[in-house]
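# Close look at the chain arrangement
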Amino acid sequence: STNKPSTNKPSTPTTPAPEVKPTPSEPTAPEETSLSCSEIFSQITKDIELAKLTDVDATLLSDLYGMDTSLLEDYYVKMPMMSFQITEIGVFKVKDVNNLDKVVASLNKRASDIGQMLYPSLQETFDSRVLVTSGNYILFAIDENAAQISANFSNIVK
């Protein structure tokens, strides 16, 4: 085991290291993430156990959220398959940051609608919901792990 290279030896000048300090837990990302909304969704929920969820398409976004999907460049939204669950998680990317408010208003409307038909046992989950914007991205999460999902989102979308 004496021929193992030491990890704290300075690197040789012939291979200069780039001036990036990656941390083991997250990849270094450019200012604007190149991940799709579904990739972001996968990353922010990967360590979280979610109920059975189904995809929300443009029709549902329009019907349930009152959202103008033409404002979106990309989105990935999941909602519960059963009415006794309220986990809903969506990652949205608006084409124009000036339309962020319109999309956020739709999400707030959706949250308000959900809040009106809650089982009392779901109130705590509902109250811990998050709505976070970062650049052109929006995270909407109603889940008991919303705080963790939000923290994960903030680590990926800077």
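Residues numbered from 1 in each chain as written. Predicted model: local features only at pLDDT ≥ 70, side-chain atom pairs only at ≥ 80, totals over all residues. Heavy atoms only, no water.

We now examine helix α5 (residues 146-156). Taken together, the buried positions of α5 are Ala146, Ile149, Ser150, Asn152, Phe153 and Ile156. Buried residues of α5 fall within an arc of 160 degrees about the axis and therefore sit on the same side. Contacts from the buried residues of α5 go to α1 (37-45), β3 (88-94), β4 (130-134) and β5 (137-142). (Buried < 20%, exposed > 50% of the residue type's maximum accessible area, 1.4 Å probe, protein only. Helix = DSSP H or I, 4+ residues; strand = E, 2+ residues; numbered from the N terminus. Arc of directions from axis to C-beta. Contact = heavy atoms within 4.5 Å.)

By the definition in use, this model includes two aromatic pairs. Ring centres of tyrosine 65 and phenylalanine 140 lie 6.0 Å apart, and the angle between their planes is 75 degrees; on these two criteria the pair is classed as edge-to-face. Residue tyrosine 65 is located in helix α2 (residues 58-65), and its partner phenylalanine 140 is located in strand β5; the two are separated by 75 residues in the primary sequence. Phenylalanine 140 matches tyrosine 65 in its accessibility class, with the two residues each being buried. One cation-aromatic arrangement involves arginine 110 over tyrosine 65; the distance from NZ or CZ to the ring centre is 5.4 Å. Directly above the aromatic system of phenylalanine 126 lies the positively charged group of arginine 129, at a separation of 4.0 Å from the ring centroid. (Phe/Tyr/Trp six-rings, centres within 6.5 Å; stacked < 30°, edge-to-face > 60°. Lys NZ or Arg CZ within 6 Å of the ring centre and 35° of its normal.)

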